[in-house]
Amino acid sequence: MISTGSAVSLVVIFGIITALLVRSHSVRAWEAICIALFGMYLGQTPVSLTVDGIVTWFLTGFSNF
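Residues numbered from 1 in each chain as written. Predicted model: local features only at pLDDT ≥ 70, side-chain atom pairs only at ≥ 80, totals over all residues. Heavy atoms only, no water.

### Structural notes on the overall build of the chain
Within the chain one finds 3 helices and 0 strands. Relative to its full complement of 65 residues, the chain shows a buried share of 8%. When the accessible surface of the chain is split by element, carbon and sulfur atoms take 75% of a total near 5400 Å². (Helix = DSSP H or I, 4+ residues; strand = E, 2+ residues; numbered from the N terminus. Buried < 20%, exposed > 50% of the residue type's maximum accessible area, 1.4 Å probe, protein only. Areas by Shrake-Rupley, 256 points an atom, 1.4 Å probe, with all protein chains shown as cover.)

Structure follows, in structure tokens:
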């Protein structure tokens, strides 16, 4: 499982990416709100465990280089 510090770092990174996309007009504000709501509701479902496993696998794969 991802540690709390890593999870917060990922949230900050994805938040910055979303903010930059909104600022560059690649994503409109209402689309960013939908993205945020989707993430919130996804985090409350059992699917979040699968997503957490995939992200952990991905991050540990790159840290082994």
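### Some words on unusual backbone geometry
Backbone geometry places H25, a non-glycine residue, at a positive phi of 65°. Relative to the helices and strands, H25 resides in the loop between α1 (4-23) and α2 (29-43).

### Focus: the pattern of salt bridges
Tallied over the full model, the rule gives 1 salt bridge. E31 serves as the salt-bridge partner of R28, at 3.0 Å between the closest nitrogen and oxygen. (Salt bridge = Lys/Arg side-chain N within 4 Å of Asp/Glu carboxyl O.)

### Quick word on a nonpolar patch on the surface
A cluster of nonpolar side chains, I13, F14, I17 and L21, forms an exposed patch at the surface whose accessible area comes to about 370 Å². Tracing the backbone shows L21 in helix α1. According to the relative accessible area criterion, L21 is partly exposed, its value standing at 35%. (Patch = residues over 30% accessible without salt bridge, like charges linked within 9 Å, V, L, I, M, F, W, Y side chains within 5 Å.)

### Some details on the environment of A36
Along the chain, A36 falls in helix α2. Taking the C-alpha atoms as reference points, A36 and T18, 18 residues apart in sequence, are found 9.2 Å from one another.

### A word on the environment of I35
Along the chain, I35 turns up in helix α2. Between the C-alpha atoms of I35 and T18, which are 17 residues apart in sequence, the distance is 8.7 Å.

### Remarks on the confidence of the model for the chain
Residues of the chain with pLDDT of at least 70 account for 82%, and the chain-wide mean is 76. Taken element by element, the predicted model of the chain shows its lowest mean pLDDT in α1 (75) and its highest in helix α3 (residues 47-63) (78). (pLDDT = per-residue confidence, 0-100.)

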